[in-house]
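Listed below, chain by chain, are the residues.
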Amino acid sequence: MYASPDSEARPALPARVLLADDHPAILALAAATLAVACMVIGAVRDGRELVAAVQRLDPEVVVLDITMPEINGIEAAREIHRSHPGTRLVFLTVHEDVDYARAAFAAGGLGYVVKSRLASDLLPAVRAALAGRRFLSPTIHVDDGV
């Protein structure tokens, strides 16, 4: 029996990820952490650059900080979620306050990782987002859900 090329199993391509943070060291650490399973296609340092880069690069996943110049991450996420609803958003932030996590999820985020857990949580958060599932760093204490 002949198998068409479409019916054969193909290896999954690495997810295309765009990073946004105003700290170069965090960008470098996030890129190195994700490089084992993802293709980092760009890194920007403010919210306005992020929105423009999403338009230009069409990433599958955006990893973004909340506190950034020009446009904060929550506002940038809202714009990206409206214009590119298929783009998965994962927040990477110092904010361990549940109200920030709620705002991030309300803006379209699927992941919320605190920077102190970047090494252990970022890749699982990206994988969860790609699967359409939420991820929340376990240091965020939630009593009634996010």
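In short, a report on the structure. (Residues numbered from 1 in each chain as written. Predicted model: local features only at pLDDT ≥ 70, side-chain atom pairs only at ≥ 80, totals over all residues. Heavy atoms only, no water.)

Quick look at the packing of helix H2 (residues 47-57) against helix H3 (residues 73-83)
Move 1: Taken N-terminus to C-terminus, the directions of H2 and H3 make an angle of 15°; their axes are 9 Å apart at the nearest point. Between H2 and H3, the crossing angle belongs to the class labelled roughly parallel. In terms of crossing hand, the pair formed by H2 and H3 is right-handed. Taking contact as the criterion, the partners of Gly47, Leu50, Val51, Val54 and Gln55 in H2 are, on H3, Ala76, Glu79, Ile80 and Ser83.
Move 2: In terms of residue class, the contact of H2 with H3 is made up of 5 nonpolar, 3 polar and 1 charged. (Axes fitted to C-alpha atoms, helices over the stretch in contact; angles between N-to-C directions. Helix = DSSP H or I, 4+ residues; strand = E, 2+ residues; numbered from the N terminus. Parallel < 35°, antiparallel > 145°, perpendicular 65-115°, else oblique. Left-handed = near helix turned anticlockwise from the far one by under 90°. Contact = heavy atoms within 4.5 Å. Nonpolar A, V, L, I, M, F, W, Y, C, P; charged D, E, K, R; others polar.)

Points about unusual backbone geometry
Move 1: Its identity is not glycine, yet aspartate 58 carries a phi of approximately 50°, on the positive side.
Move 2: Note on placement: aspartate 58 falls in the loop between H2 and strand E3 (61-64).
Move 3: Residue class for aspartate 58 comes out partly exposed when judged on its relative accessible area of 47%.
Move 4: In this structure, glutamate 70 is a non-glycine residue whose phi angle is positive, near 70°.
Move 5: Summarising the element assignment, glutamate 70 is placed in the loop between E3 and H3. (Buried < 20%, exposed > 50% of the residue type's maximum accessible area, 1.4 Å probe, protein only.)

Re the sheet that holds strand E1 (residues 15-20)
Move 1: Read across the sheet, 6 strands follow the order E2-E1-E3-E4-E5-E6 without closing on themselves; strand pairing throughout is parallel. Of all strands in the sheet, those bounded by a partner on one side alone are strand E2 (38-44) and strand E6 (135-136).
Move 2: Here E1 pairs with E2 via 6 bridges, running parallel. Each residue of the ladder has a partner; that of arginine 16, found in E2, is methionine 39.
Move 3: Strands E3 and strand E4 (88-93) of the sheet are contacted by H3, whose axis makes an angle of about 175° with E4. (Pairing = 2+ DSSP bridges.)

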